[in-house]
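What follows is the residue order along each chain.
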Amino acid sequence: MLIGAPGAASPPWPLGGDGTPTPTISPESLALRQGVQEFVRSEVLPVADRLEAGAWDLVPGLLSLAGAAGIPGATLPEDCGGLGLGVLDGLLVAHGLAGCPAFATALGAHAGLAGTAIALGGDAAQRARWLPGIADGSTPACYGLTEPNAGSDALALRSTATRDGEDWVLSGSKQFITNAGFAELAVVFALADGTAFSAFVVPMDAAGVTLGPEERKLGLHGSSTRALHLDGVRVPADHLLGTAGRGHRIAFAVLTIGRLRLAAGALGEVRHLLGVIASHCREREQFGQPLAEFALTQAKVGAITADLLAAEAAVWSCGARLDGELRAIPAAAYARRAPIRITGLDVEAALCKVLASELLGQTADEAVQLFGGYGYMEDAPVARAFRDARVQRIYEGTNEICRLLVAPGLGRRTLLEPPLDADTFLVSCTHALTALLRECLAHADDDDQIGAVRIADLAAHSLRLDRLAAAPSSPERAMARHVVARDALEQSAVFAARLIDPNSPVLTRTHALIARMSDADRLTRSIGKRVLEGQEIVL
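The structure presented is a predicted model; accordingly, all values stated were derived computationally and were not measured.

Conventions we followed
- Along each chain, the written sequence defines residue order, and numbers are assigned to residues from 1.
- For this predicted model, a pLDDT threshold of at least 70 governs which residues receive local features, and a threshold of 80 or more governs which side-chain atom pairs are given and counted, while totals over whole chains, interfaces and linings are taken from all residues.
- Each side-chain value is derived from all of the structure's non-hydrogen atoms; neither hydrogens nor water enter the calculation.
- Any carboxyl oxygen of Asp or Glu that lies within 4 Å of a side-chain nitrogen of Lys or Arg is treated as forming a salt bridge with it.
- The helix count covers DSSP runs of H or I at least four residues long, the strand count covers runs of E at least two residues long, and both are numbered beginning at the N terminus.
- Only protein chains enter the accessibility calculation, which uses a 1.4 Å probe; a residue whose area is less than 20% of its type maximum is buried, one above 50% is exposed, and one in between is partly exposed.
- In this analysis, two residues are considered to be in contact whenever any of their non-hydrogen atoms come within 4.5 Å of each other.
- In protein, a polar contact requires one atom able to donate a hydrogen and another able to accept it; more generally it is a pair of N or O atoms within 3.5 Å, and residues adjacent in sequence count only if both atoms are side-chain atoms.
- The span you would expect from a helix comes to 1.5 Å times its residue count less one.
- The arc in question is the one traced by the directions running from the helix axis out to the C-beta atoms.

1. As for the pattern of salt bridges
Counted according to the given criterion, the structure contains 22 salt bridges. Here R387 makes a salt bridge to E52, at a shortest N to O gap of 3.1 Å. With R387 in helix α11 (residues 383-389) and E52 in helix α2 (residues 48-52), the pair connects residues that are 335 residues apart, well separated along the chain. We classify R387 as buried; its relative accessible area is 13%.

2. Description of unusual backbone geometry
Of the consecutive residues W13 and P14, the connecting peptide bond is found in the cis state with omega at -10°. With respect to the helices and strands, P14 occurs in the segment before α1 (27-44). Non-glycine residue F176 carries a positive phi angle of around 60°. Checked against the element boundaries, F176 lands in strand β3 (residues 167-178). At N179, a position not held by glycine, the phi torsion is positive, near 80°. As for its position among the elements, N179 is in the loop between β3 and β4 (185-192).

3. Considerations on the side chain of S357
Considering the arrangement of structural elements, one finds S357 in helix α10 (residues 346-371). The exposure class of S357 is buried, given its relative accessible area of 0%. With residues up to four places along the chain from it excluded, the contact list for S357 reads L262, A266, Q392, R393 and N399.

4. Considerations on the environment of D238
Its place among the elements puts D238 in the loop between β7 (225-236) and α7 (247-283). Residue classification places D238 among the partly exposed residues on the basis of a relative accessible area of 43%. Expressed as a C-alpha distance, the spacing of D238 and E533, which sit 295 residues apart in the sequence, is 58 Å. A polar contact is formed between the side chain of D238 and the side chain of H239, at a distance of 2.9 Å.

5. Side note on α1
Look at α1: 25 Å from first C-alpha to last across 18 residues, which is about the 26 Å you get at 1.5 Å a residue. The complete set of buried residues in α1 reads S29, L32, R33, V36, F39, V40 and V44. Down the axis of α1, the buried set is contained in an arc of 110°. They therefore lie on one face. Seen from the buried face of α1, the exposed residues on the opposite side, beyond 90 degrees, are P27, E28 and Q34. Taken together, the buried residues of α1 touch α2, α3 (58-68), α4 (87-96), α5 (101-121) and α7.

Below, the structure written as structure tokens:
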């Protein structure tokens, strides 16, 4: 049984159960995203091929140009050179960076990881010292958490920091460090005095800092990735962020926001690829007609679009929820409470990361398939996207690890009792998923990892349908709700039948709802047809 005491910092499940709406994206936020997209088109895409060929020396200049446009500092404090925007706007910035995942990764490590760690963990003097250079892009940064033996299990790190007079002396190795080849400072995690998980700011030109060679990666060739070695690196005491032993709060808060940003960026790439797919399918003819007119093409594109709208609704909801949580913290208590409030949404962030990264992988795969033999050629616009997409399911915690933390996390949450009746058919579907989730949690074995993965997938369906059902209406969303509802209920019923009695009343009600969704295939094709015709799908 995985149901335990509710966590004080965590909202009930699902988010819509306490009346939380899926936000409408404001005109100002849409303009922010559009500005980021224009920056990518005008500054990044013209040099994307050079980046892909290993011209990482271009990245610092691009970061400075991005800084002039306010992009790295979007969510950093205003008094440190940032724009002071909220989490939701930060997610829209990540969403707008689509088109060159390698640069998006570099910017994410620079501002989203290192910058956020300093903003959350540093005191006023530390923020004032290091954040302006991150906000304006003049001081490229990297983030050193992963180690050769500490990947998803971040707390297993072995790097050490030993106090020596007024200094800390750091030793250890960090693996797969984005931006290491040109960064000027690093946020590094180490065990202070052997046990206290702590975060430090390390100048990359400090004595004892060395780098491994550039990694030869499957994708993201335009991103610098190297090992970072610390051999007796001496830094002043004021380079410790916060206090010794507080590093895990910083790391987990950065990880939660990082997963949401990764999800937003991945969904931006899905939208970008849908545009590439639609353009190709309108032009490419086989058997006397454009690929866009084939029913199978329409069904594929429609299913991806429906899943995209549901995942975006989940991500925007998490961003808006965190904005509300963080605004409610008194200024005097912000440094202490903010990381706790952020990690209170760790289940949703993990599920958003899983939903978005797997949808991007599926979309990139379908893009190659729809391009046919041309898609397998490096000259095609989808081959690079296919390679670049794969890592999304690995970093920021593998999708397997993300799934495994969901069931214990939900066990500490209040699962709202679904009523037996509902005002609308769609609300009935969301209630059915919550009821299935509650039943599975009640019967799950704490040691059953396979069951935990099934619960996580059921929770993912619950989250995306709950948020899509509460999203602002549009023609595409109206159709997508029924498409996603059928898919969510069908798959969840299969998962649940392996954990609970197949003849249980909650499964019987679920199958009755599924039987009423015979129109989903037609709606899927209708969505796909609109996308393939080039109609804009509202954000």
